[in-house]
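# Structure assessment
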Amino acid sequence: MNGSENEKIEQLQPYIVDDTGTKLTTNQGLKIADDENSLKAGVRGPTLLEDFHLREKITHFDHERIPERVVHARGYAAHGEFELYHSMKEFTKAGFLQEPGTKTPIFIRFSTVAGSKGSAETVRDVRGFAIKFYTQEGNFDLVGNNIPVFFIQDAIKFPDFVHAVKPEPHNEMPQASSAHDTLWDFVANNQETAHMIMWLMSDRAIPRSFRMMDGFGVHTFRFVNEEGIAKFIKFHYKPRLGAHSLIWDEAQMIAGHDPDFHRRDLWENIEHGNIVEYDLGVQMIDEKDEFMFDFDILDATKLWPEEQVPIRFFGKITLNRNVDNVFAETEQVAFHPGNVVPGIDFTNDPLLQGRLFSYLDTQLLRLGGPNFTEIPINRPVCPFHNNQRDGFSRQRINKGQVSYHKNSLANNTPSTSTWKEGGYVHYAEKVEGRVIQARSESFKDHFSQARLFWNSMSPVEKRHIRNAFKFEVGKVKSESVRQQVVDMFVNVDKALAKELAYAVGVKQPTGEQVDVSASSPALSLENTPKYPYTLKVGVLIGEGFSGKEVKDVVKSLLKEGVSVDIVGQHLGSLKDSDGVKVVVNQTLVTTNAALFDSLYIVGGKAGNQKQFDSNMIEFINTAYQQYKPIGVASTGMDIFSRSDAKPGAGILFGTNPNFSEDFVKAIAQQRFWDRDVYVT
Ligand code: HDD
């Protein structure tokens, strides 16, 4: 077994088919003699109904598509494992959280929310971060996002929210974007959205990579230990590479140059064997402390500040294997927050409760009936037995007479299990009250945490949020909606709302911001760890380069795990005067500066010098405007001096004796914000 094999991968093996080197047959196994021509009465005559191969082939093709997910349609997944490093036995009975060292196969699907299956990946949106743990006690699904709060408080509003954010129904525009009238009309008229909108306008909504974003279970769940003692918990997953973001102009450019940017990044890194890791942890609150906070812990529009409730990390998530077939695995995987194991339980969060219905329901339509749990990617790795039978595309062949409980003919099997034997027993929470359709008073403060988030942002992050608002609300055609949004966000920050009012041409707001001065430093991406590992450098190179200089720099980048693309005027290879050869794997027209974290400008000669120089200057200008580090080799000085970039922080020259070392540090830093470029 290599490192990426586990019980789930083994379970999938019998279903994996390699058609290479085989004979073409029908689905009945009949060998095909002709796959080019349908059966006709005469070479130019009518096609015959008798042609079963034609009918089977076309019929199957006609039925290839299934409905895309109503939300989170655009997604990408990989296999991996979860390894426990601290026992959580004290808090939960969950089998996979008992013994340190226990490894559990996992499958993670990342997604955007609003866009269709073919939409660009770097749009401004929440990212889904759904994990299926194939535990020995059944599948546990943690169906989270990269933002710790949600737009609404009660699941009954989910269809309204989704209708508002999706393309508008009369003209189906815009695709994969919240910058339009109906979303902002929903926001202003459903002010519980305030906190989540602050996150959506922040850099969190344009992550650099699936490998570099935080994950959150969002809801308050429960851990329950062997003795039946419960704690409220919130799940957190943190990437070991830190959480990093794109900037808006860059994200927009990438959406055009490479709409598959995020999946390509994940796929390539796993293919190259690079390490993709996150730590998994929980915040915990004792049952007795349920009402100790100035927010309601059942409200999914609120987070628990880490400074108040620290995260306790207990295990490591690793992704290490790409799927064999995207449809069979990524598209057919069916997540459901209701898939839990003993020791993990729900709370009365009304958003969570609605989800417990929705996911099972949606799979019935999407995957065509109740047997979707038998699709290989969805099967648990532990045995499963019950009296459920039949339905479309049933795979199991259940033997015997008995398919009911209780029975005597099969000795009352399959039989139930007690809590001690691993049976799932719902937490015996005491409930009382009147049946009522209402929102708790404790859910009604929509602005304090929105302001807490704003207070926690660095000046650069605040600038990005202000600009995001100006873009998004600026796209709204209804002046009344623009005014309502301005009047709403004055509650969060007066200066922000005033600037927005000016930018979107509406009256200055009259309200006041809420009186919250607290901040939570953990919310700022400024405080995230920074490493050069797997960041991408474009080496812009022509003929006549200094072989030794380039070789040494590239070697030191590769040593730190930096990924390098050699970008020339044409594909093929280039040689310097000492015979050092570099193989060009991208050209200045097949790629773009926005797709790199940094550039190394080697410069040189090319067949069409004018074009080469002008393309290089465009690359340098773009990288400079996007605040990226730029390294300049001795042969690159001339072209660099002809660009708009100016020497300063994050611009490193090969003539400096510590160049390689400083360049790697600058790559890790990623952005140099104090450049005098247009403000983004
Ligand atoms: Fe949801 C998919 C995350 C609220 C109804 N949701 C879906 C996926 C993620 C989330 C990551 C994609 C899973 C995959 O990759 O297949 N959803 C969330 C989070 C929420 C949330 C973190 C709030 C905290 N969702 C939510 C509500 C409802 C739904 C309130 C309905 C009442 N979500 C669905 C769904 C989807 C879905 C319609 C579409 C496809 C699917 O389930 O399998 O059932």
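All values derive from a computational prediction rather than experimental measurement.

Under perfect tetrahedral coordination by four donors, a metal shows angles of 109.5 degrees; under perfect octahedral coordination by six donors, it shows angles of 90 or 180 degrees. There is one protein donor for the iron atom of the ligand, namely Tyr359 (OH), at 1.8 Å. Inspection of the secondary structure assignment puts Tyr359 in helix 9 (residues 350-366).

Before going further, it helps to spend a moment on the packing of aromatic side chains. All told, the structure shown has 29 aromatic pairs when counted by the stated rule. Ring centres of Phe150 and Phe161 lie 6.4 Å apart, and the angle between their planes is 70 degrees; on these two criteria the pair is classed as edge-to-face. Here Phe150, found in the loop between strand 4 (138-145) and helix 3 (158-165), pairs with Phe161, found in helix 3; they are eleven residues apart in sequence, far enough to count as distant. When the ring of Trp184 is compared with that of Phe469, the centres are 5.8 Å apart and the planes differ by 55 degrees; the resulting orientation is tilted. Of this pair, Trp184 sits in helix 4 (residues 181-189) while Phe469 sits in helix 11 (residues 459-474); the two residues are 285 residues apart in sequence, bridging distant segments of the chain. Accessibility assignment for this pair places Trp184 and Phe469 in one class, buried. Through a chain of ring-to-ring contacts, the aromatic side chains of Phe82, Phe96, Phe133, Phe140, Phe221, Phe223, Phe235 and Phe314 assemble into a single cluster. The ring of Trp248 is capped by Arg124, whose NZ or CZ atom sits 5.0 Å from the centre of that ring. The ring of Phe384 carries Arg396 above its face, with NZ or CZ at 3.8 Å from the centroid.

The subject of this paragraph is helix 7 (residues 261-271). Given 3.6 residues per turn, any residue in an α-helix points the same way as the ones three and four places further on. Those residues of helix 7 lying buried are Phe261, His262, Arg263, Asp265, Leu266, Asn269 and Ile270. Those residues of helix 7 that are buried are in contact with strand 1 (75-84), strand 2 (103-112), strand 3 (127-135), helix 6 (248-257), strand 8 (276-286) and strand 9 (312-322). Positive phi shows up at Gly273, right after helix 7, with a value of about 75 degrees.

Our focus in this paragraph is the confidence of the model for the protein chain. Scored by pLDDT, the protein chain has a mean of 97; 99% of the residues are at 70 or more. On the interface metric, ipTM, the complex scores 0.99, and its pTM is 0.98.

A few words now on the pairing of strand 13 (residues 572-575). Pairing geometry for strand 13 and strand 14 (residues 581-584), over four bridges, is antiparallel. Along strand 14, the bridge assignment pairs Ser573 with Val583. In textbook terms, the turn of a hairpin is the stretch between consecutive antiparallel strands, and for strand 13 and strand 14 this stretch comprises five residues, one of which, Gly579, has a positive phi near 85 degrees.

Once that is clear, we can look at the packing of helix 4 against helix 12 (residues 479-489). Two numbers describe how helix 4 lies on helix 12: the axes approach to 9 Å, and their chain directions differ by 40 degrees. As far as their axial angle goes, helix 12 and helix 4 are oblique. Every pair of crossing elements has a handedness; the one defined by helix 4 and helix 12 is left-handed. Where helix 4 abuts helix 12, its residues Asp181, Trp184, Asp185, Val187, Ala188 and Asn189 lie against Val481, Gln484, Val485, Met488 and Phe489. Residues belonging to the contact of helix 4 with helix 12 are distributed by class as follows: seven nonpolar, two polar and two charged.

Every buried residue belonging to helix 3 is among Phe161, Val162, Ala164 and Val165, and all of these are buried. The buried residues of helix 3 occupy one face: seen down the axis, they fall within an arc of 160 degrees.

Before going further, it helps to examine the site of the ligand. Around the ligand sit 22 residues in total, of which Arg69, Arg109, Arg355, Tyr359 and Gln363 are the nearest. Residue Arg69 places a side-chain N or O atom 2.8 Å away from an oxygen atom belonging to the ligand. Here an oxygen atom of the ligand sits 3.2 Å away from a polar atom, N or O, in the side chain of Ser358. Put simply, the parts of the chain that give the shell around the ligand at least two residues each are strand 3, strand 4 and helix 9. It is helix 9 that contributes the most residues to the shell around the ligand, six residues altogether. Here the shell around the ligand is built from residues that sort into eleven nonpolar, eight polar and three charged.

Reading guide: rules and limits
Residues numbered from 1 in each chain as written. Predicted model: local features only at pLDDT ≥ 70, side-chain atom pairs only at ≥ 80, totals over all residues. Heavy atoms only, no water. Donors = N, O, S within 2.8 Å, 3.2 Å for Na, K, Ca; no water. Helix = DSSP H or I, 4+ residues; strand = E, 2+ residues; numbered from the N terminus. Phe/Tyr/Trp six-rings, centres within 6.5 Å; stacked < 30°, edge-to-face > 60°. Buried < 20%, exposed > 50% of the residue type's maximum accessible area, 1.4 Å probe, protein only. Lys NZ or Arg CZ within 6 Å of the ring centre and 35° of its normal. Contact = heavy atoms within 4.5 Å. pLDDT = per-residue confidence, 0-100. Pairing = 2+ DSSP bridges. Axes fitted to C-alpha atoms, helices over the stretch in contact; angles between N-to-C directions. Parallel < 35°, antiparallel > 145°, perpendicular 65-115°, else oblique. Left-handed = near helix turned anticlockwise from the far one by under 90°. Nonpolar A, V, L, I, M, F, W, Y, C, P; charged D, E, K, R; others polar. Arc of directions from axis to C-beta. Near = heavy atom within 4 Å. Polar contact = N/O pair within 3.5 Å; in protein donor to acceptor, adjacent residues only side chain to side chain.

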